[in-house]
Amino acid sequence: MSTNTDTLDIINNASAAYGRETLVNADGDRMLACFLDLGELMLRAGAEVNRVEDTIRRIGHAYECRRVEIFTINNMISLTVITSDEKVYTQTRRVSVAAVDLEKVARANELSRQICKNPVPLDELRDRITDIAENTRHYGKRMRYIASIVSATAFTVFFGGNWIEALISGAVSIILVTCMLFSDRLKIRPIIAILVSAFVMTVCVQGVTYFIDAAAMDSIIMGNIMLLIPGLALTTSIRDVITGDTVAGLMGICDALLKAFAIAVGCVSAMLIFR
Amino acid sequence: MEYFVQIMAAIFSAIGFSLLFNIHGRKMIITAVGGAITWGAYLIVFTQTDNVFLACFIATMVIMAFAEIMARIAKTPVIILLVPMLVPMVPGGDLYRMMINLVMDDSDQVRFFGYKLVMEVGAIAFGIIVISTAMQLILKMHAHIKETRKVSKV
């Protein structure tokens, strides 16, 4: 979240450098930056568009804004508030994708509940948002591996695999997660990361099952595909469409379908090589 | 026995996904229970009616209602509980079967599994829509009744 603090610093410096008149304006801008930080945090962590809009609207009213005009889509937030002294502030924030982190969404939700009951000073709000951004407890990388192994193994059993297939599936999922983490670090677009990971995973499975007769590749690949399928994107998007954010919902559904297509392309191309 | 193994697998997959999505403590236990309920509901409806659409639809409705109720009890957003619990319903198996038949050049099977895939996704979407709409209606009515009572008291 370094960009947010940068924005705040610029605004802070501006308010320190100019006279008192601009200081008042800068306060409004600081408030907006705070709201947008919270919105960006939630959107990046995987909250629905409607939840982001609703949260910021509520907090805006809690800070005595007369009107809060917010428009959010999956990768952008545009916010205009009219304060009680009839001043108009506008800011727009482009939001990039990040890892899903539902604990952050839960904490942001909790924060907005508390803020709406009794608004705290702006500095404290800012501190608490930074606290959520930086100090939310994480499971860490090792746990991500363990989680993937558990899920992949469970799904292989789920789709009717025997215990040898389940073991291979767990081992392959380690390679899959390594692929995903590595492409995260290289900052590759998610859709290409998924395509490449699916390809590598299928190649590995086919290589292993070629040597081990007791294992068929079907349930192993199914188990690992489940780790790649964008279930969250689909669920949030459907909920977005119902709550009236049609544009954001359609964007999300389109994104989820493209990701499923990318999985198919990755797997099929690997299968064609080994056919 | 086969069903028991599947339900156990659903529980573990829900736990695994709640770890992936960074869900902690009490909420993780709820999602584990939810995973079992999802697949249990699916299996019950599927074995009774032999209809995939109906099974997906009803299982999604059940889990959606469970998520809405538990979210209010645990005071947390619905989406957090819903996503890991829905994971066993996601039709990854049929996506794979469609792909493998695409490679095998069996167009009848591709069409069959493609159709099944669309139907399952449609059923899940439909289930989410029905319960969300019902929930919003209930909440709006509740607020409305509260409002009118206040007015009548004054």
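Values in this document were obtained by computation on a predicted structure and should not be read as measured data.

Participant: Could you give me a rundown of the sheet that holds strand S1 (residues 65–73) of chain A, with the residues and numbers involved?
Facilitator: Note on sheets: strands pair through backbone hydrogen bonds, and any given pair is parallel or antiparallel. Residue and element names in this part refer to chain A. Spatially, three strands are ordered S1-S2-S3 in an open sheet, and the strand pairing comes out antiparallel. Across the chains shown, the open sheet's two edge strands, defined by having one partner strand only, are S1 and strand S3 (88–94). The sheet shows a mean angle of 10° between the axes of neighbouring strands, taken without regard to direction. The pairing of S1 with strand S2 (residues 76–83) spans eight bridges and is antiparallel. Of the residues in S2, the one forming a bridge with Ile 73 is Met 76.

Participant: Provide a residue-level description of the domain arrangement of chain A, including the pertinent values.
Facilitator: Residues and elements named next belong to chain A. When the domains of chain A are assigned, the result is domain 1 (2–135) and domain 2 (140–274). The straight-line distance from the C-alpha centre of domain 1 to that of domain 2 is 35 Å. At the junction of the two partners, domain 1 supplies twelve residues and domain 2 supplies eleven residues. Summing the contributions of domain 1 and of domain 2, the shared interface buries around 880 Å²; its carbon and sulfur component is 62%. Sorting the residues of domain 1 by area buried against domain 2 places Glu 48, Asn 50 and Asn 74 first, and these three jointly supply 46% of that buried surface. For the interface between domain 1 and domain 2, the tally reads one salt bridge. The shortest N-O distance in the salt bridge between Glu 48 and Arg 239 comes to 3.1 Å. At the boundary of domain 1 with domain 2, the tally comes to three residue pairs in polar contact (both at pLDDT 80 or more). Residue assignment for the side of domain 1 that touches domain 2 shows that the elements contributing at least two residues are helix H3 (49–62) and S1. For the side of domain 1 that touches domain 2, the leading source of residues is H3, giving three residues. Partitioning the side of domain 1 that touches domain 2 into residue classes produces five nonpolar, five polar and two charged.

About the cut-offs
- Residues numbered from 1 in each chain as written.
- Chains lettered and ligands numbered in written order.
- Predicted model: local features only at pLDDT ≥ 70, side-chain atom pairs only at ≥ 80, totals over all residues.
- Heavy atoms only, no water.
- Pairing = 2+ DSSP bridges.
- Helix = DSSP H or I, 4+ residues; strand = E, 2+ residues; numbered from the N terminus.
- Axes fitted to C-alpha atoms, helices over the stretch in contact; angles between N-to-C directions.
- Domains from an automatic or database assignment.
- Contact = heavy atoms within 4.5 Å.
- Buried area = accessible area lost by both parts, 1.4 Å probe.
- Salt bridge = Lys/Arg side-chain N within 4 Å of Asp/Glu carboxyl O.
- Polar contact = N/O pair within 3.5 Å; in protein donor to acceptor, adjacent residues only side chain to side chain.
- Nonpolar A, V, L, I, M, F, W, Y, C, P; charged D, E, K, R; others polar.

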